[in-house]
Amino acid sequence: MTLILDPDDPAGWREAPTATSGSRLTEGLNPEQREAVEFRGQALLIVAGAGSGKTRVLTHRIASLIESREAWPSQILAITFTNKAAAEMRERVEALLGEGASGMWISTFHSACVRILRREAEAIGLSSTFTIYDSADQRTILKRIIKELDADTLGFTPANAQVKISKLKNELADVESYARNVNTNDPAEVMFLEIFRQYTRRLRDASALDFDDLISETVYLFRAFPKVASLYQRRFRHILVDEYQDTNHAQYALIRELTQPIPADRVVEMGEHGVNVRALTDASGGIPGASLTVVGDSDQSIYAFRGADIRNIVEFERDFPGAKVVLLEQNYRSTQNILSAANAVISNNFDRKEKKLWTADGDGDKITGYTGYTAHDEAQFVADEIEALHRSGVAYRDIAVFYRTNAQTRALEEIFVRSALPYRVVGGTKFYERAEIKDAMAYLIAVANPLDELALRRILNTPKRGIGPATETAIASFAEQNALTFRQAMRAADGLGLGPKVTAAITGLADLLDEAAAMLVPNAEAIAAGTNEGAAKVSDVLVFLVERSGLIDALRNSRDPQDETRAENVEELVAQTRDFDRENPGATLVDFLTQVSLVAAADELDDASGTVSLMTLHTAKGLEYHAVFLTGLEEGLLPHQMSASEPGGPAEERRLFYVGITRARKRLYLSLAMSRAQFGEVAVAMPSRYLQEIPEGLIDWKQSPGMATSRGGTQPRALNARRPGGAWGTRDRDLERYSVTKSAAPRAEWANRVTGTVRDNGDLTLEAGDRIRHVDFGEGRVTQVTGEGTKRIAHVSFDTAGQKKLLIKIAPIEKL
DNA sequence: GCTAGTAGGTTTTTT
DNA sequence: ACCTACTAGC
C-alpha cells in the first residue's frame, strides 16, 4: 500500500494568505455566475443551461480557491467528460493563475480511477500493469464463454451478455450480489450467473479490467480499505464534477466515497504513519468531507443507455443536505432564435424543472430548413450551404454536421468528397480498431502484462507461424493442468510433445516477448527513485516487436493488395508512439496503453484543423460551432427506432435534439430526406415529430417536407396533419403517451405547417425501355427496375442529367 | 493449417 | 450494401 507523498502539502505553507480580492476572477460575470464562483460550503449544485458559461464558472471557481490560498492545486480534483475538456480546463485555469496550477487532478472519471487503481493495485490483488479491455475484447471473451457453456441455446449472445454485465457493474452489482438474488428456478438466470462468473474470473486471471470495472473497482477498493480511501479523502479537499447529469450509480458512489469525512481515530493513525494531517483537522480531530461542486443540466442527459441516472442531479439537494443551488439561464452562445427553438422543443418533455434560456444578443438569423428527396440530395444541400458559408467568411473548422447514427456518414462523405470539401469524421476513427493495429497493440500489451491471455492468444499465430487452434488449445490445457499461466506454458512448450517446428515457434515468441520486457526495465537508480530512466522508449519496443516478430514483413510481402495499407497503418502506429515518446518524456509503456484505451471521440478534435467536423449528436455534447447542421431529422432516425420501445426513450431522443440545437452559435440548419436507404433498401422517411415542435416563424424552409412531396400527388399530408390513429403516419403505439394525447387535437395554428400533398404515383408500373419525364431532371429512359412493391426503384438514364435512381412510388415523374 | 468463397447479420448512441 | 464468420477444398 502506497502513501501519497504530497509535495504541495498546505502545512508547509508559511506565508499568511494574502487578501487579494477575487475581483479579477469575478469581473465580467453575471450575478449567478459570481455566486457560483464565490460560494463556499460543503455542496454546490450549478444548474447550467447550455451555453451559460459553466466552464468559465468552474475554472474561475478553481482559480479563486487557489488564489485565495483556500486550497493547493493538489487538493483539487476536477472530473470532466472527455480528456479534451480536461486539457482545456487545465489550460484555462493556468491562464488565470499563471504558474502554480500544477498538481491538480483534472481528468475523466476513467482516467482518475486508472491512476488510483494502478497505484493501489496490490491491495486488490491486481497487477499495476493491468490491461484495460475495450468492448471488442469483452465480446471475444464472452463469445468463448457462451460457446463453451452452450449458452446460445438460452438466447445469450456476446452482445446481450455484455450489455447485461455492464448494467450490473454500473449498479455496483458483482457476481456474489447477483448470485444472492438469482432465481434458481430460471435456467436463463442461472446460466447468466455462470457467464458472469466465468467472465469475471477470466478478467481477474488476466489481470484485466473492463471500462465499467475501472469505476466500480475503485469504489470497492475504497470500501474494502478505508485507510486507502482516507488518503484520497484527505488529499482532495475540493471535488468538482462536470456533466453531472450523465453520471451513473457507480460514479455517484465514487463521489460519495471521496467526500466522506475522516473520523478522528483514523486521522490520529494517519498522523502516526507520517501523513501530514494537522492543517486539515476540525474541532473533533477528524477531517471534514471535501467540498463538492457539481455542474449539470438534466435537459442534456443523453446517456441513460450507459447507466446515467438523472436522479443523481434531481436528488442532489436531498443527497447533500444544505446544498446550495445556483441556476444559470443566461446564454452567451446562441442567438435568440436558436434558443427559442431549443426552449420550445425541450418544453415538450414533462417532469422537468422549467428552465428558459435567453440571450441579450438579439434574434439573429432564422433557422434554415431543407428536405431532400434522398440522403444524397440532403447531403448536397449541406455541402452547398457549407460552401456558401465559407465564401461568406466562415472558416471550415467553425462548421459542424451532426447525425444520429454513424451509418449516416456515408452519404455525407460521398458528397463531401465529390464537392472537395475538407472534412473530418470525429469518433469514426476506427484506427485502433483495425485488425493490424490491434495485433501490434496486442504485442505491446503482452509485454506490459504477461498475464493477459487474450493478448497472447491474439498474437500466437499472427503473423502465421503454423500455430493453429489445436496447438492453442494444447497450450491452454497444459497451463491449466500444471497451474501455469498461458505465458509460462508457452515458455515450457518443450514439454508439450508437439512437433519441433511448432515448438520452436512458440518458444521463439515467448523469448521475443521476454526480450522486449527486458528492454523496458529502468536502471537500478531509477527504480529506487521511482522514475523510468534507462527504460527503452515505447516506439523502440514497438519497432523491435513488429520487426522481430515478422508482423510488418508479413504485411509488406503479402500478395493481398490491402496488406500494403495495413503495413502503412502499422507504420503510422509507430509514428504515433514516437509522438507519444516526444510529448511525454519518461512515460512508460503502460502509460501509452492507458492513454490509447481511454481516448474519447471528442479527444480527436483538432481546433487548429481547417476542416468541417462530422460527428454523432452524442459526441457533440459540450462543443459549440458557429454553424451547425442537424441532419436526418426523420422518424426512425431521430427518434431512433430502437428508442421507441424503451421507457423514456423518446424523451431522451428529444434531449439529444435539444443538445444538437444548442451547439449552434449563429447559424442552425435542419435537414432531412424523404427517402433513406437502409440495408441497401430504400424506404420512405417521415419528418421527425420534433420538427413540428419548433414554432413556425423560426424556420425558413428552403424546401419543406410538404414542398418536397407536393408535385401533383393525390394524398394530402401536411407536415402536421393527423391521420386517424397515427401521428405523422408513424407507429403511434410507440409514441410517448403525452405526445399522443397532445396530438389528438390537431393544432392548425401551428408553426411550420406546410400544406401540401405527398406525391403518390399509386401503382404506376415502369419497366426497362420506358420513357419518363422528371420534374427536375427532364426526360430519360428507364434502364432497369429493382426492388419490390412500394420500394420499387427505377434506374433512369436522363438525356441531360445522367444516371439517377428514383423511388417509383414517390418520385416526381410521369410516364410518357 | 491455410485460403477462398458464401451465408448471414447488420445500424443507436460511448467511456 | 457491407462486413464478418463459417465451411469446403487444398
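For the structure itself, consult the block above.
All values reported here derive from a predicted model rather than from experimental measurement.

Q: What is the right way to look at the sheet that holds strand S1 (residues 43-48) in this model?
A: Picture the strands of a sheet paired through backbone hydrogen bonds; they go either parallel or antiparallel. Read from one edge to the other, the open sheet built from six strands follows the order S3-S2-S6-S7-S1-S8, with strand pairing classed as parallel. In this open sheet, the two strands that pair with only one neighbour each are strand S3 (105-108) and strand S8 (324-328). Here the strands of the sheet are splayed against their neighbours by 15° on average, with no regard to which way each runs. One ladder, built from four bridges, connects strand S2 (residues 76-80) with strand S6 (residues 238-241); its direction is parallel. Bridge pairing links Ala78 to Leu240 in S6. Helix H4 (residues 83-97) contacts S2 and S3 of the sheet and is inclined by roughly 160° relative to S3.

Q: Please explain the sheet that holds strand S14 (residues 664-673) as it appears in this structure.
A: Reading across the sheet, the seven strands line up as S11-S12-S10-S13-S14-S9-S17 and stay open at both edges, with parallel pairing between neighbours. Of all strands in the sheet, those bounded by a partner on one side alone are strand S11 (423-425) and strand S17 (699-703). Averaged over all pairs of adjacent strands, the angle between their axes in this sheet comes to 20°, without regard to strand direction. Sheet topology places strand S9 (residues 367-372) next to S14; five bridges connect them, and they run parallel. Opposite Thr371, over in S14, you have Leu672 as the bridge partner. Contacting strand S10 (399-403), S11 and strand S12 (612-616), helix H18 (residues 409-418) crosses the sheet at an angle of about 160° to S11.

Q: Mind showing me how you'd approach the pairing of S6 here?
A: Every regular strand shows the same layout, with side chains that alternate between the two sheet faces. Where burial is concerned, the two faces of S6 agree: the one with His238 and Leu240 and the one with Ile239 and Val241 are both buried. Note: S6 against strand S7 (residues 291-296), four bridges, orientation parallel. Bridged to Ile239 within S7 is Leu292.

Q: Sorry if this is basic, but what is going on with the nonpolar core here?
A: A general trend in soluble globular proteins is that nonpolar side chains are found buried together. Grouped together as the largest cluster of nonpolar side chains are 54 residues, with contacts concentrated most on Leu444, Met490, Leu513 and Leu545. Top contributing element to this core by residue count: helix H19 (residues 435-448), with ten residues. With near-sequence residues (within four places) excluded, Leu444 lies in contact with Val541, Leu542, Leu545, Leu589, Phe592 and Leu593. The next biggest cluster of nonpolar side chains, apart from the first, holds 53 residues, and it includes Trp105, Leu209, Val228 and Val277.

Q: Sorry if this is basic, but what is going on with the side chain of Glu387 here?
A: Looking at the secondary structure, you find Glu387 in helix H17 (residues 375-391). It is Arg391 that comes nearest to the buried, bridge-free Glu387 among opposite-charge side chains, at 4.6 Å. With sequence-adjacent residues up to four places away left out, Glu387 is seen in contact with Tyr396 and Leu421.

Q: How should I be thinking about the pattern of salt bridges in this particular structure?
A: Between side chains of opposite charge, a pair can form when the charged atoms approach closely. Taken as a whole and judged by the stated rule, the model has 47 salt bridges. When the shortest N-O distance is used, the salt bridge between Glu217 and Arg204 registers 4.0 Å. One end of the pair, Glu217, is in helix H10 (residues 211-224); the other, Arg204, is in helix H9 (residues 187-205), and 13 residues separate them in sequence. A relative accessible area of 14% places Glu217 in the buried class.

Q: Can you walk me through the packing of helix H6 (residues 135-149) against H9 in this structure?
A: In helix packing, the relevant descriptors are the interaxial angle and the interaxial distance, both defined with respect to the helix axes. At a closest axis distance of 10 Å, the pairing of H6 and H9 adopts a crossing angle of 130°. Compared by their axis directions, H6 and H9 come out oblique. The chirality of how H6 crosses H9 is right-handed. Side by side, H6 and H9 meet where Gln138, Ile141, Leu142, Arg144, Ile145, Ile146, Glu148 and Leu149 of the first sit next to Met191, Glu194, Ile195, Gln198, Tyr199, Arg202 and Leu203 of the second. Looking at side-chain class alone, the contact of H6 with H9 contains nine nonpolar, two polar and four charged residues.

Q: How do you make sense of the environment of Val659 when you look at a structure like this?
A: Note on placement: Val659 falls in helix H31 (residues 649-661). Judged by relative accessible area, which is 0%, Val659 ranks as buried. For the pair Val659 and Ala620, spaced 39 residues apart in sequence, the C-alpha separation works out to 7.9 Å. If we ignore the near neighbours within four places in the chain, the residues touching Val659 are Gln300, Ile302, Leu617 and Lys621.

Q: Looking at this structure, how should I read the packing of aromatic side chains?
A: Here the distance between the centres and the angle between the planes together describe a pair of aromatic rings. Counted according to the given criterion, the structure contains 18 aromatic pairs. Between Tyr370 and Phe381, the aromatic rings sit 4.3 Å apart at their centres with planes inclined by 5°, giving stacked as the arrangement. Remark: Phe381 occurs in helix H17 and Tyr370 occurs in strand S9; sequence separation between them is eleven residues. Assigned by exposure class, Tyr370 and Phe381 land together as buried. Aromatic side chains Phe416 and Tyr423 sit 5.8 Å apart centroid to centroid with 70° between the ring planes, which places their arrangement in the edge-to-face category. On the basis of relative accessible area, Tyr423 is assigned to the partly exposed category, the value being 22%. Against the face of Phe320 rests Arg256, its NZ or CZ located 4.7 Å from the ring centre.

Q: It is not clear to me how unusual backbone geometry should be interpreted in this structure. Could you clarify?
A: A negative phi angle characterises most non-glycine residues, just as the trans form characterises most peptide bonds. A cis geometry characterises the amide bond from Thr462 onward to Pro463, with omega recorded as 0°. Cis geometry is found at the peptide bond from Leu638 to Pro639, where omega equals 5°. Positionally, Pro639 belongs in the loop between strand S13 (625-630) and helix H30 (641-644). Residues other than glycine seldom take positive phi values, yet Arg69 does so here, at roughly 65°. Positionally, Arg69 belongs in the loop between helix H3 (54-67) and S2.

Q: Can you walk me through helix H27 (residues 562-583) in this structure?
A: A turn of α-helix holds 3.6 residues, and therefore any two residues three or four places apart point the same way. Given a rise of 1.5 Å per residue, 22 residues ought to cover 32 Å, and the 32 Å separating the end C-alpha atoms of H27 matches this to within 8%. Those residues of H27 lying buried are Asp563, Ala567, Asn569, Val570, Leu573, Val574, Thr577, Phe580 and Asp581. Projected onto a plane normal to the axis of H27, the buried residues spread over an arc of 155° and lie on a single side. Across from the buried face of H27, at angles greater than 90 degrees, the exposed residues are Glu564, Arg582 and Glu583. Buried residues along H27 sit in contact with H19, helix H25 (538-548), helix H26 (551-556) and helix H28 (589-597).

Q: Could you clarify how one ought to interpret the pairing of S12 in this entry?
A: Among the five residues of S12, five are classified as buried, and the element is accordingly described as predominantly covered. Across four bridges, S10 lies against S12 in parallel orientation. Counterpart to Phe402 in the pairing with S12 is Met615.

Q: Looking at this model, I keep getting lost on helix H2 (residues 31-38). Mind explaining?
A: Looking at H2, one finds that the buried residues are Gln33, Ala36 and Val37. Around the axis of H2, the buried residues are gathered within 100° of arc, so they sit on the same side. Looking at the buried side of H2, the elements it contacts are helix H1 (23-26), S1, H3 and S8. Sitting at the amino-terminal end of H2 is Asn30, which places a side-chain oxygen 3.1 Å from the backbone nitrogen of Glu32.

What counts, and at which threshold
Residues numbered from 1 in each chain as written. Chains lettered and ligands numbered in written order. Predicted model: local features only at pLDDT ≥ 70, side-chain atom pairs only at ≥ 80, totals over all residues. Heavy atoms only, no water. Pairing = 2+ DSSP bridges. Helix = DSSP H or I, 4+ residues; strand = E, 2+ residues; numbered from the N terminus. Axes fitted to C-alpha atoms, helices over the stretch in contact; angles between N-to-C directions. Contact = heavy atoms within 4.5 Å. Buried < 20%, exposed > 50% of the residue type's maximum accessible area, 1.4 Å probe, protein only. Core = buried A, V, L, I, M, F, W, Y, C linked by side-chain atoms within 4.5 Å. Lys, Arg positive; Asp, Glu negative; His and termini not counted. Salt bridge = Lys/Arg side-chain N within 4 Å of Asp/Glu carboxyl O. Parallel < 35°, antiparallel > 145°, perpendicular 65-115°, else oblique. Left-handed = near helix turned anticlockwise from the far one by under 90°. Nonpolar A, V, L, I, M, F, W, Y, C, P; charged D, E, K, R; others polar. Phe/Tyr/Trp six-rings, centres within 6.5 Å; stacked < 30°, edge-to-face > 60°. Lys NZ or Arg CZ within 6 Å of the ring centre and 35° of its normal. Expected span 1.5 Å × (residues − 1). Arc of directions from axis to C-beta. Polar contact = N/O pair within 3.5 Å; in protein donor to acceptor, adjacent residues only side chain to side chain.

By themselves, these observations are geometric and do not establish any function.
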